[in-house]
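Read off the chains here:
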Amino acid sequence: MRWALNRLALAITSMVALAFLVPLAVATRQIAYDRAISDARQQATSMVTVLGVDSDLVSLTNAVASTAAGSAGNLAVHLPGIEPIGASHLSDATVRRAAQERRAATADSAGGVAYLQPTVLTDGRTVVVEVFIPEADTRRGVGTAWLYLGALAVVLVGGSILFADRLGSQLVRATRGLAAASRRLGGGELNERITPIGPRELRDAATAFNGMADDLRRLLDRERELAADLSHRLRTPLTGLRLDVEAMPPGPIAERMRQACDLLDEELEAIITGARLGSIEKRGSQQCDLVEVLADRLAFWSVLAEDQERPWEVVGGNEPVMIPMPAGDVILVVDALLGNVFSHTPDGTAFRVSVSASGLLVDDAGPGIPDPETAVQRGVSGAGSTGLGLDIVRRTAETVRGQLVIDRSPLGGARIGFLLHAPVLEPADQRRRR
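Procedures and definitions
Residues numbered from 1 in each chain as written. Predicted model: local features only at pLDDT ≥ 70, side-chain atom pairs only at ≥ 80, totals over all residues. Heavy atoms only, no water. Helix = DSSP H or I, 4+ residues; strand = E, 2+ residues; numbered from the N terminus. Buried < 20%, exposed > 50% of the residue type's maximum accessible area, 1.4 Å probe, protein only. Contact = heavy atoms within 4.5 Å. Areas by Shrake-Rupley, 256 points an atom, 1.4 Å probe, with all protein chains shown as cover. Pairing = 2+ DSSP bridges. Lys, Arg positive; Asp, Glu negative; His and termini not counted. Salt bridge = Lys/Arg side-chain N within 4 Å of Asp/Glu carboxyl O. Patch = residues over 30% accessible without salt bridge, like charges linked within 9 Å, V, L, I, M, F, W, Y side chains within 5 Å. pLDDT = per-residue confidence, 0-100. 1 Å grid on protein atoms, 1.4 Å probe; cavity = no way out; pocket = protein on both sides within 12 Å on 5 of 7 lines; lining within 4 Å. Points joined across faces, edges and corners; volume = space filled by probe spheres on them. Nonpolar A, V, L, I, M, F, W, Y, C, P; charged D, E, K, R; others polar. Phe/Tyr/Trp six-rings, centres within 6.5 Å; stacked < 30°, edge-to-face > 60°.

Asks: Explain the overall build of the protein to me, using residue names and the numbers behind them.
Replies: What the protein contains, in helices and strands, is 14 helices and 13 strands. Residues counted as buried form 38% of the 434 residues belonging to the protein. For the protein, the share of sequence-separated contacts (at least 6 apart) that also reach a separation of at least 24 residues comes to 63%. Counting every atom, the protein has about 24700 Å² of accessible surface; 58% of that belongs to carbon and sulfur.

Asks: Requested: an account of the pairing of strand E11 (residues 403-408), with residues and values cited.
Replies: Here is the key point about a regular strand: its side chains alternate between the two faces of the sheet. As paired elements, E11 and strand E12 (residues 414-419) share 6 bridges and run antiparallel to each other. Across the sheet, Asp407 pairs through a bridge with Arg415, a residue of E12. Hairpin connection from E11 to E12: 5 residues lie between these consecutive antiparallel strands, with Gly412 at a positive phi of about 105°.

Asks: For the side chain of Asp364, give the residues involved together with the corresponding values.
Replies: Residue placement: Asp364 occurs in strand E10 (residues 359-364). Of the side chains with opposite charge, Arg310 comes closest to the buried, unpaired Asp364, at an N-O distance of 7.6 Å. Setting aside residues up to four positions removed in sequence, Asp364 forms contacts with Val341, Thr345, Ala350, Phe351, Ser409, Leu411, Gly412, Gly413 and Ala414.

Asks: Lay out a nonpolar patch on the surface with the relevant residues and their values.
Replies: Judged by side-chain polarity, Leu8, Ile12, Met15, Val16, Phe20 and Leu24 come together as a nonpolar surface patch covering roughly 590 Å² of accessible area. Relative to the elements of secondary structure, Ile12 occurs in helix H1 (residues 2-53). Here Ile12 falls in the partly exposed class, since its relative accessible area comes to 43%.

Asks: Tell me about the confidence of the model for the protein, residues and numbers included.
Replies: Atom-level detail of predicted coordinates should not be read off regions where pLDDT is low. Per-residue confidence for the protein averages 81 on the pLDDT scale, and 87% of its residues sit at or above 70. Within the model, the stretch residues 422-434 combines pLDDT values under 50 with 31 contacts to residues more than four positions away or in other chains.

Asks: A description of empty space enclosed by the protein should follow, citing residues and the corresponding values.
Replies: Using a probe with the size of a water molecule, rolled over the atoms, empty space left in the structure can be pinpointed. Across all of its chains, the model carries 1 cavity of 30 Å³ or more by this definition. What the largest cavity holds in volume is close to 50 Å³. In terms of lining, the largest cavity is formed by Ala174, Leu178, Ile194, Thr195, Pro196, Ile197, Leu202 and Ala206. When residues of the lining of the largest cavity are traced back to their parent elements, those giving at least two are helix H6 (142-186) and helix H7 (200-233). Among the residues forming the lining of the largest cavity, the class breakdown is 7 nonpolar, 1 polar and no charged.

Asks: Describe the packing of aromatic side chains, and please don't skip the residues or the numbers.
Replies: For the coordinates displayed, the defined rule picks out 4 aromatic pairs. A ring pair is formed by Phe300 and Trp301, whose centres lie 5.5 Å apart and whose planes are at 85°; its orientation type is edge-to-face. For Phe300, a relative accessible area of 13% translates into the label buried. Centroid distance Phe342 to Phe351: 5.7 Å. Interplanar angle 65°. Geometry classified as edge-to-face. Accessibility expressed as a relative area gives 10% for Phe342, which makes it buried. A residue is classified by how much of its surface remains accessible, and Phe351, at 3% relative accessible area, is buried. A network of ring pairs unites the aromatic residues Phe300, Trp301, Trp312, Phe342 and Phe351 as a single cluster.

Asks: Explain the pattern of salt bridges residue by residue, including any values.
Replies: Using the criterion set out here, one finds 13 salt bridges in the structure. Notably, a salt bridge pairs Arg184 with Glu192, separated by 2.8 Å at the nearest N-O pair. In this structure, Glu398 engages Arg394 in a salt bridge whose closest nitrogen and oxygen atoms are separated by 3.1 Å. With Glu398 and Arg394 both in helix H14 (residues 388-399), this residue pair falls 4 residues apart, about one helical turn. Accessibility expressed as a relative area gives 47% for Glu398, which makes it partly exposed. The network of salt bridges with common partners includes Glu313, Arg352, Asp363 and Arg415.

See below:
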């Protein structure tokens, strides 16, 4: 922006300077020429005065020699029938024409210009006074004047560029500040505000930005409170469900229901805490072991897999895989990936879970996903799915700069993965079948 303003100032001031300086330069040249002609006219007039008083040749010779032009050899008096008195620089034909016309005129000559002043003596003879003006005299002072005009133009152009640069620096500083504040606000710093500086339009933009940030903060606070209130309201039906589970006779189903109630209670507590802390505080420096979370959740899902007679296996998991996420978020991801298999494949369909430092993959031998792009779109995923589970996985992966992968599984069905950095490798020697 600064460079654009500087170029604009340079172009405008240069055109303005040229528009004024070119006519001034021509006028200066004409003024110098007119001044030289005026000096020659004065000297010719003084000789005409002498001729009116005394036309004696000796007196005329002394008068010519006493003038500045005559002493320099640039003045001559042309009398009819005799040689010119002084130094002439014109031809006889030019002098005769001036005598016939009997009016002052100028005539070009080698190295300059001559001024001719005819006059009539008392005896009726026509005398022509010639004053030669060297070319240097017609340009005297022009070079200096042009130099001053050029220096003035440089000062004006440089000053305008400097002023435009200062103005541009204010614009750029205000614009960069607004852009930086926008990036910080987009990064989650909801307390970011900006001091309005610069032109009125940028100050209005900064004021609008601060108002938008305030509205966004209030909106997020309201949404967090609503989420916390909704989660708190779910505690009452959850308590009733837990009482019903406690009343069930011991067995696998009762144990699975009890684990589900515990997990739901933990998730509600996490939602309430996270919603009231906000996004920045919730991120923090939390991390957990993906392998540990996966083992805990597989203990829950394995009971359902046995009921549905689903063969399954785990690949990898011999070493901890630490990821910078709260355990509650990882549980949501694992449950979404495993729950997708149980929800969208028939009973008896095999599945395989692969875990490594690159992330988590779940393969199944079901019908697969015909359109991976719509599978993560809420309400349009098809096959009786809302798309919410995979959308949760996608958004969670983006928080750690990972990605959600939906592809064709080597088992013939769907492959859904939560990748942290690179595609997961499947070392066959690390498989542990169950």
